[in-house]
Amino acid sequence: MSAVSFDPTQKLIVLRLRTSFYALRILPDGQVVHVGSGPAPEGNAPMVLGNLDAYEDPNYVWDEGGRRYELPTYGDIAYHHVGLKVSFPEAAAPLGKQDANHLPVRDLRLRYLKHEIRTDAAPAYPPAHGKPARKSGVPRETLILHLRDIAYNFEVRLCYRITPELDVIERWIELHNLTKMHVTIESLAFGTVHFPQGTYELTRTAGSWSREFIPVRQNIEQGETVLSQFGINTGHAFNPFYLVSPRGKTTEHAGEVYFGALAFSGNWALRFEALPTDAVRVYGGYEPTGFGMVLAPGESHTTPAFVHGYAGDGFGGASRRLHAFTRDYILPGFDDGQCRPVLYNSWEATFFKLSVDGQIQLARSAAEMGVELFCMDDGWFGDRRNDHAGLGDWIVSKAVFPDGLQPLVDEVKRLGMRFGLWVEPEMVNPDSDLYRKHPDWVLHYPGRPRTEMRFQLILDFGRPEVVEYIYNALAALLQTYDISFFKWDMNRYATEPGSVAGSAIWQKHVEGLYGIMDRLRKNFPKLDIQSCSGGGGRVDLGILARCDQAWTSDNTDAQDRTYIEDGFSLAYPPRVMESWVTHEHNLHHASLDLRFDVAMRGALGIGTKIDQLSAEERVHYKRKITFYKKIRPVVQNGNLYRLAMVQDGGASVWQSVTPDGSQCVYSVVVIHQLQGHHLPTYRLKALQPGAIYRITDETGAELARYSGSQLMGLGIHGDSRFGGAGCAVRSRTLLLERVS
Ligand code: DGJ
C-alpha cells in the first residue's frame, strides 16, 4: 500500500510514516499549503481534523502565518522570509517604458498543475560511485508536486521522498525554466518545514577549530535564528542539523522532536523563523549571502536534500533515526556487521618529519598492537616539508622516499594491514610547481589580493580542467600503489571566491569535490575515504554519501573529546566518528584507560608514538584493541542511547545496543565530579526484560549477572564499581551479553 494518500474531495495529500505523518493541501486557487505533521493517529483515523476552509481565503488571514505555504515564494502573500526568490529581468520587453522602474519582475506565484508518485527520483548530487548505500536498492516513494507560475512558463517541482520505517522525509526542489527568458534565482531553500503552532527550543551544535560539535540548547525566540556557512566546506562553527522540541517538554528519552539535516557540504543555511503568532518554520537550503544562479531558457536546477522527520521518543529517538538513516541510506554500502578497521595515523607521532624507516617502525608497532589500517599523514609529497609548500604537487617526494612509497606499502601489506594516505586535493601552496605553472587555477578576483590561510589557496573547481587534473593526480597514486584509504583533508575557509563559474562557484566546488570522490570510488572499488577539514569541518549527509568515516576534531584530548563526541552523536552515528588514542599529556593529563574508553566510542584509531611505548603499555594497548574488536559490532552498528551527557552533570554515559537487545556496550566517562556529589543511577534501555546478562570488562572477567528488567528498572549507579567512585576523572567500558 502506498504511504502517500490523496483525498480528491478535500485535495488533501497525506504522507504516512511509521509513527508520524505529514499533510498538505491544494487550495482551490492552486496554492499548496502545509496542514499538519507530528504523531500519526492509530489505524486509519483521519490525519487532519477541523475545518480547512480557514486556509482558503486570504481576506480572512492577516498574515501568511495562518497560511503555511509548502514553498513560500517572494510573490503572493509573503511578509516574511521565503524559500524561493526569483526575478525575471527580461520580462520587460512586452511592457511599456512607463513601467521601467517596476522592473525586473520579482513576483513568483506558483500554482498546482498535478502530482505524481515515483520510486526513482533523487535529489541533486546523489552518489555515483560503486558502493551505493546499504538500502538504496529498496524502492522509496517520492511525491512530486508540479507547480507553475501564473504568467510565465517557469515550473517548480516539490519533491518528498519518504522512508516510513525511520519517520524520515527527504525534501528537494527542482526548478525548470521553460520560458524564453533568463531567470535569476536570488535565494533558494531545498525545503521549508512548518512546525505545529507553538513555542520551541532548538538543540544543535556550535564550535570552532578543535572545539567542534559542542551541544547547545536555546529557545527559538521570535524573529530569526540562523545557522549557516558560506564556503566550500560544512564549517566548524555550525553543523547543518537540528533537533526542535516543544519548549521545556522533551527529554533525552521522551517527548516530541522535529529533526532535520542538510545533505550539502558548502554554502548552506538553516533559517528558523518564529512569528509573534507562534507560527514557526525552518528554511533549509543555500545560504543567500553570495548565492547567485541564473537559469538560461531551458535550464533546470535540482537542489540537494533537506532530510527531516519526527520522533516521539525524545532527543535520543531523533538521533537514532538520523543514525539509522545515515547507515542505511547515506553511507557507502557495507555488509551486515562489517566494521570500520582499527586505524593508525602518523600525524601526531611524526608531523612533517617523515622517513621510510620511521614510518616502517611505526607500522611494525601498530601491526603488533592489532591495527588494521596504517595511514601516513601530511608531508610525503612534493616539497612538503612543512605547511608552507608543496600542496598541489601530488608526486612522492624523492628526498623523503628515494624509492617511492613501494617499500613502505610492501611492509605495511606484509604486516597484514591496509595502507592509507593523507591528501588535500582542493588546495595549492603558492610555493608549488602547480601554482607556478597555473597561477590562474585558484579562486581569485583579477587584480585583487589572494588571501592565504595556512599558506594555501583554493583551486578553482569551476574549471573542468582543474577537476580533471586533480582526479588524474589521485588516480595515478591509486594505480601505482595499493592504497585503500584516503584521508581527504581541507584546511582553510574560502575568501575571494572569484571563479570562471562566477557566483555558481559554491555549488560548482561541491559538485567537483563529490564528482572526484565518486569517480575514484567507482574506478578503485577498494578505496575508502575519510572526510577531514582541519578536524571536523566537513561532516554532513552530502559528504558522508561518499566517505566511510569522518575525522571528528583535531582535538584528541580525551576530556575535551567527550564533549565533542556527545554533540557529534546528536546527528551522526558512532560508526563514522573516527577517534584516536594519543599521548598521555595532551591538554589534560589522561590515563590510557580514559583515552581508550573515549576513543572506543566510535571508529577507533591510534595516533601515539606507538613505537616508543613501554612493555607495560604495549600489553595494555593490545588488550584494549582486542577488546575493542569484540565490542565494535555493537558500538559501530548498534543503536545508541545517551544515558547522560557530560555537559549536564559531568559524566557522559553511552549505551550501544544490538537491535534485538541481546548485547550492549556500556561506556561511562566522568570528567567532572565535585567531592561529596554522587552521580545518579543510569537505567539501561532496550534490553530484553526477562533475559540474564553477564557483565564483563576488557580482561574478560565477569563482574556480575543481572536481568534485563533489573538493568532497565533499577539501573547502574554512577558511583558504583561499574563506573568507579570518588571525584577523579575516570572511565569504564563494559560488555553486557545475554546468557539466558
Ligand atoms: C589537519 C588534520 O585535521 C590533521 O589531522 C592533519 O592531517 C593535518 N591537517 C595535516 O596537515
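Please read all numbers here as calculations on a predicted model, not as lab measurements. (Residues numbered from 1 in each chain as written. Predicted model: local features only at pLDDT ≥ 70, side-chain atom pairs only at ≥ 80, totals over all residues. Heavy atoms only, no water.)

*Asks:* Help me out: how do you make sense of the overall build of the protein chain in this one?
*Replies:* Along its length, the protein chain carries 12 helices and 38 strands. Since a compact globule built from 740 residues should have a radius of gyration of about 27 Å, the 27 Å found for the protein chain is in line with a globular shape. In terms of its C-alpha atoms, the protein chain occupies a principal-axis envelope of roughly 85 × 70 × 45 Å. Counting over 740 residues, the protein chain shows a buried share of 62%. Sequence-distant contacts, at least 24 apart, represent 71% of the contacts inside the protein chain between residues at least 6 apart. Summing over all exposed atoms, the protein chain offers an accessible surface of approximately 26,800 Å²; the carbon and sulfur share of this is 52%. Taking the 77 positively charged and 85 negatively charged side chains of the protein chain as two groups, their mean positions are separated by 3 Å. (Helix = DSSP H or I, 4+ residues; strand = E, 2+ residues; numbered from the N terminus. Rg over C-alpha atoms; globule rule 2.2 N^0.38 Å. Buried < 20%, exposed > 50% of the residue type's maximum accessible area, 1.4 Å probe, protein only. Contact = heavy atoms within 4.5 Å. Areas by Shrake-Rupley, 256 points an atom, 1.4 Å probe, with all protein chains shown as cover. Lys, Arg positive; Asp, Glu negative; His and termini not counted. Charge placed at Lys NZ, Arg CZ, Asp CG, Glu CD.)

*Asks:* Explanation requested: the domain arrangement of the protein chain in the structure shown.
*Replies:* Where interface size is quoted, it is often the accessible area lost as the parts come together. Taken as a whole, the protein chain is organised into domain 1 (4-330) and domain 2 (643-738). Facing the 4 residues of domain 1 at the interface are 4 residues of domain 2. Between domain 1 and domain 2 lies a buried interface of about 340 Å² when both sides are counted; carbon and sulfur atoms form 60% of it. When the area that domain 1 buries against domain 2 is broken down by residue, the three leading residues are Pro215, Glu252 and His253, summing to 91%. If you look at where domain 1 meets domain 2, you find 1 residue pair in polar contact (both at pLDDT 80 or more). A class-by-class count of the residues in the side of domain 1 that touches domain 2 yields 2 nonpolar, 1 polar and 1 charged. (Domains from an automatic or database assignment. Buried area = accessible area lost by both parts, 1.4 Å probe. Polar contact = N/O pair within 3.5 Å; in protein donor to acceptor, adjacent residues only side chain to side chain. Nonpolar A, V, L, I, M, F, W, Y, C, P; charged D, E, K, R; others polar.)

*Asks:* Quick question: what am I supposed to make of the site of the ligand here?
*Replies:* The local shell around the ligand holds 13 residues, among which Asp377, Asp378, Lys487, Asp489 and Asp554 are the closest. Between Trp422 and the ligand, the recorded distance is 3.0 Å, taken from a side-chain N or O atom to an oxygen atom. Interatomic distance of 3.0 Å between a backbone N/O atom of Gly535 and an oxygen atom of the ligand. Expressed as a share of its isolated accessible area of 300 Å², the protein-covered part of the ligand is 97%. (Near = heavy atom within 4 Å.)

*Asks:* In this structure, what is going on with the side chain of Gln229? I would like to understand it.
*Replies:* Structurally, Gln229 is set in strand S13 (residues 223-229). Gln229 has contacts with Thr234, Gly235, Gly266, Asn267, Trp268, Glu287 and Tyr493, leaving out every residue within four places of it along the chain.

*Asks:* What's the story with the packing of aromatic side chains in this structure? I'm lost.
*Replies:* By convention here, two paired aromatic rings are described through the distance between centres and the angle between planes. Using the criterion set out here, one finds 34 aromatic pairs in the structure. Taking 6.3 Å as the distance between ring centres and 90 degrees as the angle between the ring planes, the aromatic pair formed by Phe195 and Tyr242 counts as edge-to-face. One end of the pair, Phe195, is in strand S10 (residues 183-195); the other, Tyr242, is in strand S14 (residues 241-246), and 47 residues separate them in sequence. Exposure remark for Tyr242: the relative accessible area of 0% places this residue in the buried category. For the ring pair Phe568 and Tyr572, a centre distance of 5.5 Å and an interplane angle of 50 degrees mean the geometry is tilted. Take Phe568 and Tyr572: they sit in the same class, and that class is buried. (Phe/Tyr/Trp six-rings, centres within 6.5 Å; stacked < 30°, edge-to-face > 60°.)

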